[in-house]
Number of protein chains: 2
Amino acid sequence: VSGATPVGPRPGGTGKASATVAMVGAGQLARMTHQAAISLGIELRVLAAGPGDCALAAGATGLLAGDDPLADLRELADGADVLTFDHEQIDPELLRRLEDEGVRLAPGAAAKLFAQDKLHARRELERLGFPLPPFAAAESLAEIEDFAGRHSWPLVAKAPRGGYDGRGVAFVEGAEDAARVLEEFGGTLLLEPRLDLERELAVLVARSESGEVALYPVVETVQADGMCREILAPAELPEGLARQAGELGVGIAEGIGAIGILAVELFLTGDGLLVNELALRPHNSGHYSIEGIETSQFEQHLRAVLGWPLGPTGLCGPAVVTVNLVGPPDGTDPRTLLGREIGAADAHVHLYGKDASPGRKLGHVTAVADDLQVARERARHLAERLGGLS
Amino acid sequence: VSGATPVGPRPGGTGKASATVAMVGAGQLARMTHQAAISLGIELRVLAAGPGDCALAAGATGLLAGDDPLADLRELADGADVLTFDHEQIDPELLRRLEDEGVRLAPGAAAKLFAQDKLHARRELERLGFPLPPFAAAESLAEIEDFAGRHSWPLVAKAPRGGYDGRGVAFVEGAEDAARVLEEFGGTLLLEPRLDLERELAVLVARSESGEVALYPVVETVQADGMCREILAPAELPEGLARQAGELGVGIAEGIGAIGILAVELFLTGDGLLVNELALRPHNSGHYSIEGIETSQFEQHLRAVLGWPLGPTGLCGPAVVTVNLVGPPDGTDPRTLLGREIGAADAHVHLYGKDASPGRKLGHVTAVADDLQVARERARHLAERLGGLS
């Protein structure tokens, strides 16, 4: 067994951070959290899977994971004020053990499970009375066919654990497909009918241990191939629907005891708003908040997990649009185009320090403007010039 | 002779930054430049004087200075796209040598000298026809008394090189004072009359090698004991004066061939606008731009020194005020108060990761609001609660 390796050692310094936050994961969310942490004098200490993880390149301190995950987590948490997350891919059992050992997790293991196990989330949210798509658990072809008999093909099948950015989600056209997906995903499937979506929305809520809650404006998310491609803030919605979405977000945050940022992905259907998935961490749908909201989701997450007072969540302009930079099929790297193209539109570029590969999220572009159409055109234009609007 | 020590080594990573910018100095300006560099995928490599320098604590890579400054600068520049500066305290002769060796400096050595030698700057700016306070060089009591004879006591005496934040500036009430200041500063003094200032203003200009120029709004700076304490943006000025200040800024940037951010400190007197001092680097008077301007001075500096297209410089709100957090006499450290006080006002906190000591700039607070009065109250309130409004 080899232990975790310290990385990014600092040459002494004062050692007097305002606080030390440990974060499991060192991807782009940790990278942008580190940027926010710098302003607050907070040390962000990450647990990285590999030496190329992009929060390390930005200068977060941390550990490279060894081959004993529980030992790594203990070492990460040691001396930190709180342990939080950049992703969902941690064994829930390890989190429960850490909690039993007295480590302060934010969110706690029970709340985090809502983002780690989609089936658990659906069952518990149903029990709490939140509006959900029809769903069922299935472990056999017979159970899938039974659900299809009630809702008709095609279905959507999801692996309850481990999926992200479209991975772990399959469209099931009929019995033959179903057998293949059962084989591929293994174990239990979460089934839902293929819904007729008017739009997809997301609402961010920050909640701290004291119970203080800060609600962000409801945004519209534009998806392609299961991956969020654009965020339009605020979503253009009748006031009643926007209010209802916000109430759902706050209700869920309080209902499940979320700490830190909670992102609630919502479907807008002919039957109204339905809760799709939860993320208990900063979320892609909140990237617009860096320039678009008085307190970015990254600063807010830090404040919430530390139990600090939360910041205001008003929009900084009438309309804010974020477009993800996704690696194009030809392997173009936005970093090679940035110096020439950065002035192509009035928009803010965020690169994640990742090597380009097709379909990989490499960064995002945000534009603030007087209306959504203009903001969207600007952000899309710059994203296209950077090769990331594939 | 011991060489520079690499610090903040990263565990490999991709090595594929969008660009590599070397910066002499690792203080708060380098720290905030590093934050901006992260978004653009730029590697900022700093030359630090000591292991506690605050850009290192934020995760910039770099070198700890050894005892051969020229060798350190060469090593810092090696492999970087450009060499730039977080301060003015570098021997101008070293910069000329680097330039002769083919190192790309931004700004170049000749332009940088305008910020390194106040007397040189006054003489050259006078030659270029910019409005200046009356001034003279003096090396003897007789020369000082001669200047006093023409302008009357008291005078202001400045050391042409090495001063900052009020250091290297003395008020001279009469001949006795003059002898003391001659002794203390040594060499040549820059003399000026004690002016009757209505206000102090500053204007930031970014200029890139291509000649592209971006002008920031004129701001009012509030000084105490020679140190900038508050920045009010935009300065409340008659339109003609604001336009004139902007023209002065652009004229000087072009006249001296500045590259990167140029800050022009201006006196508003009964005789109109007079040029006080120049800084050729990001500047305290531009800290409000992080939240207050579409393109912060730190991102803009990076774009300008790399020869990239510049970004827009519109205000993000009607009024923006920045208040510096200055260490109070009792040694209070804002980091110890942040978790409790951060919600005291709607304002953005920036801590520099420095140990508190009386009179030291430890951070700043910025508020964006509908009018200057409200923004100023908010920023001052939070600064006070953090112990930094001493």
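Computed from a predicted model, the values in this text were never measured in an experiment.

Novice: So what exactly am I meant to see when it comes to the state of the cysteines here?
Specialist: Disulfides are covalent bonds that link the sulfur atoms of two cysteine residues. Applying the stated criterion to the full structure yields zero disulfides over all chains. Cysteine 316 of chain A takes part in no disulfide bond, and the closest cysteine sulfur, belonging to cysteine 316 of chain B, lies 7.3 Å away. Classification of cysteine 316 of chain A as partly exposed rests on a relative accessible area of 36%. We note that cysteine 54 of chain B lacks a disulfide partner, and the nearest cysteine sulfur, in cysteine 228 of chain B, lies 17 Å from it. Among the residues examined, cysteine 54 of chain B registers a relative accessible area of 3% and is labelled buried.

Novice: Could you clarify how one ought to interpret the confidence of the model for chain A in this entry?
Specialist: Parts of the model with low pLDDT should not have their predicted coordinates read in detail. Residue and element names in this part refer to chain A. Here chain A shows a mean pLDDT of 94. Residues at 70 or above account for 96%. Confidence drops under a pLDDT of 50 for residues 9-14, and excluding neighbours within four residues, the segment shows 16 contacts in the predicted structure. Complex prediction metrics read pTM 0.96 and ipTM 0.95.

Novice: I'm lost on unusual backbone geometry in this one. Help?
Specialist: Note on backbone geometry: most residues besides glycine have negative phi, and most peptide bonds are trans. Here the amide bond leading from alanine 106 of chain B into proline 107 of chain B is cis, since omega sits at 0 degrees, within 30 degrees of zero. Its location among the elements puts proline 107 of chain B in the loop between helix H4 (92-100) and helix H5 (109-116). The phi dihedral of serine 152 of chain A falls on the positive side, at around 70 degrees, and the residue is not glycine. Structurally, serine 152 of chain A can be placed in the loop between helix H7 (141-151) and strand E7 (155-158). By relative accessible area, serine 152 of chain A is classed as partly exposed at 43%.

Novice: How should the packing of helix H1 (residues 28-39) of chain A against helix H11 (residues 297-305) of chain A be read in this particular structure?
Specialist: Two measures define how a pair of helices packs: the angle their axes make with one another and the distance between the axes. Residues and elements named next belong to chain A. As a packed pair, H1 and H11 sit with axes 8 Å apart at the nearest point and diverge in direction by 75 degrees. Between H1 and H11, the interaxial angle falls into the category roughly perpendicular. On H11, the residues that touch Leu29, Met32, Thr33, Ala36 and Ala37 of H1 are Phe298, Glu299 and Leu302. Residues belonging to the contact of H1 with H11 are distributed by class as follows: six nonpolar, one polar and one charged.

Novice: Would you take a moment to explain the sheet that holds strand E9 (residues 189-193) of chain B for this structure?
Specialist: Picture the strands of a sheet paired through backbone hydrogen bonds; they go either parallel or antiparallel. Residue and element names in this part refer to chain B. Strand order in the open sheet formed by four strands is E6-E9-E7-E8, with antiparallel pairing between adjacent strands. Either end of the sheet is taken by a strand with one partner, and the two such strands are strand E6 (136-138) and strand E8 (169-172). Across the sheet, the axes of successive neighbouring strands diverge by a mean angle of 35 degrees, strand direction being ignored. Where strand E7 (residues 155-158) lies against E9, four bridges are found, and the strand directions are antiparallel. Looking across to E9, one finds that lysine 158 is bridged to leucine 190. Sitting on the sheet, helix H6 (residues 118-127) touches E6, E7 and E9, and the angle it makes with E9 is about 60 degrees. Contacting E7, E8 and E9, helix H8 (residues 175-185) runs over the sheet at an angle of about 165 degrees to E8.

Novice: Looking at this structure, I do not really get the relation of the copies chain B and chain A. What am I missing?
Specialist: Between the two copies of this chain, the relationship is a rotation about some axis together with a displacement along it. For these two chains of identical sequence, chain B goes onto chain A by a turn of 180 degrees and a shift of 0.0 Å along the axis, with RMSD 0.0 Å. Overall, the copies show the geometry of a two-fold rotation axis. Using C-alpha coordinates, one finds that chain B approaches the rotation axis most closely at glycine 59 of chain B, a distance of 1.8 Å. A symmetric contact is evident, with 100% of the interface residues of chain B recurring at the interface of chain A.

Novice: Can you help me understand the interface of chain B and chain A in this one?
Specialist: How large an interface is tends to be reported as the accessible area lost when its parts come together. Listed per partner, the contact involves 44 residues of chain B and 44 residues of chain A. For the pair chain B and chain A, the number of links is zero salt bridges. The interface formed by chain B and chain A includes 11 residue pairs in polar contact (both at pLDDT 80 or more). Residue assignment for the side of chain B that touches chain A shows that the elements contributing at least two residues are helix H1 (28-39), helix H2 (54-57), helix H11 (297-305), helix H12 (334-341) and strand E17 (348-351) of chain B. Of the residues that constitute the side of chain B that touches chain A, the class distribution is 18 nonpolar, 15 polar and 11 charged.

Novice: Would you take a moment to explain H8 of chain B for this structure?
Specialist: Residue pairs three or four apart in sequence face the same way in an α-helix, which turns once every 3.6 residues. Residues and elements named next belong to chain B. The set of residues buried in H8 consists of Asp177, Ala178, Val181 and Leu182. The arc enclosing the buried residues of H8, seen along the axis, measures out at 135 degrees, which places them on a common side. Exposed residues pointing more than 90 degrees away from the buried face of H8 are listed as Glu176, Glu183 and Glu184. On the buried face of H8, the contacting elements are helix H7 (141-151), E7, E8 and E9. Just past H8, the residue glycine 186 takes up positive phi, approximately 70 degrees.

Conventions and cut-offs
Residues numbered from 1 in each chain as written. Chains lettered and ligands numbered in written order. Predicted model: local features only at pLDDT ≥ 70, side-chain atom pairs only at ≥ 80, totals over all residues. Heavy atoms only, no water. Disulfide = S-S within 2.5 Å. Buried < 20%, exposed > 50% of the residue type's maximum accessible area, 1.4 Å probe, protein only. pLDDT = per-residue confidence, 0-100. Contact = heavy atoms within 4.5 Å. Helix = DSSP H or I, 4+ residues; strand = E, 2+ residues; numbered from the N terminus. Axes fitted to C-alpha atoms, helices over the stretch in contact; angles between N-to-C directions. Parallel < 35°, antiparallel > 145°, perpendicular 65-115°, else oblique. Nonpolar A, V, L, I, M, F, W, Y, C, P; charged D, E, K, R; others polar. Pairing = 2+ DSSP bridges. Least-squares fit on C-alpha atoms with pLDDT ≥ 70 in both. Salt bridge = Lys/Arg side-chain N within 4 Å of Asp/Glu carboxyl O. Polar contact = N/O pair within 3.5 Å; in protein donor to acceptor, adjacent residues only side chain to side chain. Arc of directions from axis to C-beta.

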